[in-house]
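Examining the three-dimensional arrangement
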Amino acid sequence: MKIQANAQEKTQIEELSKPFIEKVAIIGAGLGGLAVAVALQKLGCDVQVYEKAQDFRPIGGGLGLLPNGLNSLDAIEPGIVETIKNSGCEVGKTVLKNTLGETIRTNPVNKYQNKYGQTFITVWWWRLQQILASKLPSRSIHLNHRCIGFEQDEQCVSIYFEHGKQVNADLLIGADGINSAVREALIGDGKPRYLGSMSWRTVINCHQEVLNPGELGFVKGNQEFMYLLNVGSGYISWLYRKLLSDCSLSQKATQSKSRVLNHLAGWGESLRALVEATPAEQILETPICDHLPLKSWSQGRVTLLGDAAHPMAPALAQGSNSTFEDAYELALCFCQASSIQEALATYEQSRIPRTELMQTRSALGEMRYYTTDRQAVEQQMQKQSPEMSGEEFEDWIFNYKPYRNLI
Ligand SMILES: Cc1cc2nc3c(=O)[nH]c(=O)nc-3n(C[C@H](O)[C@H](O)[C@H](O)COP(=O)(O)OP(=O)(O)OC[C@H]3O[C@@H](n4cnc5c(N)ncnc54)[C@H](O)[C@@H]3O)c2cc1C
């Protein structure tokens, strides 16, 4: 009898001292899912990441990492910015070119370091995915796991995968991108909104002199443009965008490549050569979309993060940078709260107003690329947040600094 009482007491003490989340399931091993996995792992959670892709392939294009995103990553994993710098490229200069490939203007880029104390890095999406994945034990990443739904009650959340597998967790984070299955089950607000332009991007090993080290190129065409990014180790990312009412995707990779080359028919040889040298299956074709901001991202023990929560147009380059802020803050909320409900409520209060403004300004920012009346667009952007001038808005984005590291 005595022994039984002790065992009961012991169980009660264990229950009381148990952290309120132990098992966390994250859907999506993109940049957001991996970043939040690294952060929550630091808090001692048992984190498992489920990704629909069958393997990590060298895909994606170049990504611009700005002070707010880099500060967030460094607060999650001190020293990671140095690793990313070594893998990518620190931007020192922007180069504006015409469609013949001739340089019109160059501008030094020193404001990020001088004004915000952090650099501007361009890096290959895939390399950054690898850097983040390397911070997790391989047993916590499950490829070939497409989430198809979940159910929750007061005890746990059950997550269902294609092929019939089911796992249980204390917390589910939907980091499964703009076409999120978790968002669809949680909110059900349908397909993303097409913003009127298509995008093609890739990374290639480039031996041509289209871009000098440390440069970021922008080629302005007529209702079309191209970004050229150095992403380190002799690799260049090209990203071509065109205003198009038709957002249908090509049936085959070769069609997608021909589409770009047709659009570039009148462009200079040096720029066309970049596309010609790219294997068709490496070109990622995507419509530019977003969703209108949500008022809530969470229910019970399920929440959203990154593009699943606040997909935004790429105009302000805040897609991944705002996602790294989410990852840091979600983990911080779990550090400081005493229940899942409290943590998720604080997470939403802190993240929704900021990302809502980024989403709205990004959608308007898209119009700046194609309009002939830039001033009208600037005025509309100003209306969104009349209390902030353009410069103040930039300060508001880039001055974001986590006040402490996670551990
Ligand atoms: C392959 C790829 C390449 C990209 N390349 C670029 C780029 O070059 N430049 C740029 O600016 N942005 C790029 N992005 C987008 C950019 O990563 C995001 O806008 C931003 O970083 C927010 O990331 P996220 O983790 O929220 O979403 P995402 O990066 O979209 O990641 C979502 C992840 O969830 C997985 N997933 C989706 N549905 C399910 C499901 N049902 N079950 C399990 N897993 C699922 C996806 O395969 C993906 O790995 C890319 C995204 C992807 C997926």
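Predicted, not measured: the structure shown is a model, and the values here were computed from it. (Residues numbered from 1 in each chain as written. Predicted model: local features only at pLDDT ≥ 70, side-chain atom pairs only at ≥ 80, totals over all residues. Heavy atoms only, no water.)

1. Here we look at the overall build of the protein
Put simply, the test is: Segments assigned H or I by DSSP are reported as helices when at least four residues long, segments assigned E as strands when at least two residues long, and all are numbered from the N terminus. Here the term buried applies to any residue with accessible area under 20% of the maximum for its type, exposed to any over 50%, and partly exposed to those in between, with areas from a 1.4 Å probe on protein chains only. Should any heavy atoms of two residues lie within 4.5 Å, those residues are considered in contact. Using the Shrake-Rupley algorithm and a 1.4 Å probe, accessible areas are obtained, with residue cover drawn only from the displayed protein chains. We count Lys and Arg on the positive side and Asp and Glu on the negative side, and we leave His and both chain ends out. By convention, the point assigned to a charge is CZ for Arg, NZ for Lys, CD for Glu and CG for Asp.
When you go through the protein residue by residue, the secondary structure sums to 13 helices and 18 strands. Projected onto its principal axes, the C-alpha coordinates of the protein cover approximately 90 × 50 × 40 Å. Taken over 407 residues, the protein has a buried fraction of 52%. By sequence separation, contacts in the protein at least 24 residues apart represent 72% of the contacts at least 6 residues apart. Carbon and sulfur atoms provide 50% of the accessible area of the protein, an area that totals close to 18800 Å². Of the charged side chains in the protein, 39 are positive and 44 negative, and the gap between their average positions amounts to 3 Å.

2. Thoughts on the side chain of arginine 272
By secondary structure assignment, the location of arginine 272 is in helix 9 (residues 269-276). Sequence-distant contacts of arginine 272, that is, excluding residues within four places in its chain, are made with Leu261, Leu264, Ala265 and Trp267.

3. Looking at the sheet that holds strand 18 (residues 302-304)
We apply this condition: In this description, strands pair whenever DSSP reports at least two bridges between them. Helix axes are fitted to C-alpha atoms over the stretch in contact, other axes to C-alpha atoms as well, and angles between N-to-C directions run from 0 to 180 degrees.
Across the sheet, which stays open at both edges, the 5 strands sit in the order 8-2-1-12-18 with parallel pairing between neighbours. If you trace the sheet from one side to the other, it starts and ends with strand 8 (141-142) and strand 18, each paired once. Lying over the sheet, helix 11 (residues 340-370) contacts strand 12 (171-174) and strand 18, oriented at roughly 15° with respect to strand 18.

4. Topic: the site of the ligand
The test is simple: Note on definitions. A residue lies near a molecule or strand when any single heavy atom of the residue is within 4 Å of it. We call two N or O atoms a polar contact when they sit within 3.5 Å, provided that within protein one can donate a hydrogen and the other can accept it, with sequence-adjacent residues counted only if both atoms are side-chain atoms. Ten residue types, Ala, Val, Leu, Ile, Met, Phe, Trp, Tyr, Cys and Pro, are classed as nonpolar, four, Asp, Glu, Lys and Arg, as charged, and the remainder, Gly among them, as polar.
With respect to spatial proximity, 30 residues lie near the ligand, and among them Gly32, Glu51, Gly61, Trp125 and Asp307 are the closest. Taking glycine 62, its main chain carries an N or O atom lying 3.3 Å from a nitrogen atom of the ligand. Here aspartate 307 contributes a side-chain N or O atom positioned 2.6 Å from an oxygen atom of the ligand. Burial of the ligand by the protein amounts to 84% of the accessible area it has alone, namely 910 Å². Secondary-structure elements contributing two or more residues to the shell around the ligand are helix 2 (31-42), strand 3 (62-65) and helix 10 (319-336). Partitioning the shell around the ligand into residue classes produces 11 nonpolar, 13 polar and 6 charged.

5. What to know about the sheet that holds strand 7 (residues 121-124)
If you trace the 3 strands from one edge of the open sheet to the other, you get 3-7-4, paired in antiparallel fashion. The open sheet terminates on both sides in strands that have one partner only, identified here as strand 3 and strand 4 (89-90). With 4 bridges joining them, strand 3 and strand 7 adopt antiparallel strand pairing. Its bridge partner lying in strand 7, leucine 65 is registered against isoleucine 121. Relative to the sheet, helix 4 (residues 80-87) contacts strand 3, strand 4 and strand 7, its axis offset from that of strand 7 by approximately 70°.

6. Describing the pairing of strand 16 (residues 235-243)
The buried fraction of strand 16 amounts to 7 of the 9 residues, a majority that puts the element mostly inside the structure. Where strand 13 (residues 193-205) lies against strand 16, 9 bridges are found, and the strand directions are antiparallel. Looking at strand 16, one finds that asparagine 205 is bridged to tyrosine 235. Two strands pair when backbone bridges link them, and strand 15 (residues 224-230) and strand 16 are joined in this way by 7 bridges, in the antiparallel orientation. When the bridges of strand 16 are listed, tyrosine 227 appears paired with leucine 239. In this antiparallel pair of consecutive strands, strand 15 and strand 16, the connection spans 4 residues, and glycine 232 shows a positive phi of 95°.

7. A word on the pattern of salt bridges
Put simply, the rule is: Any carboxyl oxygen of Asp or Glu within 4 Å of a side-chain nitrogen of Lys or Arg constitutes a salt bridge here.
In the structure shown here, the tally under the stated rule is 18 salt bridges. Among the salt bridges present, the one from glutamate 366 reaches arginine 241, with a minimum N-O distance of 2.2 Å. You can see glutamate 366 sitting in helix 11 and its partner arginine 241 sitting in strand 16, a full 125 residues away along the chain. The pair formed by glutamate 366 and arginine 241 is uniform in burial state, with each residue classed as buried. For the salt bridge of aspartate 326 with arginine 351, the shortest nitrogen-to-oxygen distance reads 2.6 Å. Of the two residues, aspartate 326 is situated in helix 10 and arginine 351 in helix 11; the sequence distance between them amounts to 25 residues. Arginine 351 matches aspartate 326 in its accessibility class, with the two residues each being buried.

8. As for helix 3 (residues 67-76)
For helix 3, the buried fraction is high: 9 of the 10 residues fall into the buried class. Those residues of helix 3 lying buried are Pro67, Asn68, Gly69, Leu70, Asn71, Ser72, Leu73, Ala75 and Ile76.

9. Points about the nonpolar core
Applied cut-off: Here the nonpolar core consists of buried residues drawn from Ala, Val, Leu, Ile, Met, Phe, Trp, Tyr and Cys, with membership extended through side-chain atoms lying within 4.5 Å.
Of all hydrophobic cores here, the largest spans 71 residues; its most connected members are Ile26, Leu65, Ile84, Leu128, Ile159, Leu172 and Ile173. If near-sequence neighbours (up to four positions away) are discounted, isoleucine 26 is found in contact with Gly33, Val36, Ala37, Val47, Gln48, Val49, Tyr50, Ile173 and Ala175. Core analysis: the next-biggest nonpolar cluster, separate from the first, contains 21 residues, Met198, Cys206, Leu228 and Val275 among them.

10. Notes on the packing of helix 10 against helix 11
Put simply, the test is: An angle below 35 degrees is treated as roughly parallel, one above 145 as roughly antiparallel, one from 65 to 115 as roughly perpendicular, and anything else as oblique. In this scheme the crossing of two helices becomes right-handed for a clockwise turn of the near helix relative to the far one and left-handed for an anticlockwise turn of less than a right angle.
Where helix 10 meets helix 11, the closest approach of the two axes is 8 Å, and the angle between their N-to-C directions is 155°. Classified by the angle between their axes, helix 10 and helix 11 sit roughly antiparallel to one another. At the point where helix 10 passes helix 11, the crossing takes the right-handed sense. Taken together, the residues of helix 11 that come into contact with helix 10 (itself represented by Ser322, Glu325, Asp326, Glu329, Leu330, Cys333, Phe334 and Gln336) are Ile340, Glu342, Ala343, Leu344, Thr346, Tyr347, Ser350, Arg351, Arg354, Thr355 and Met358. Across the contact of helix 10 with helix 11, the residue classes tally to 8 nonpolar, 5 polar and 6 charged.

Remember, this is a structural readout, not a statement about activity or role.
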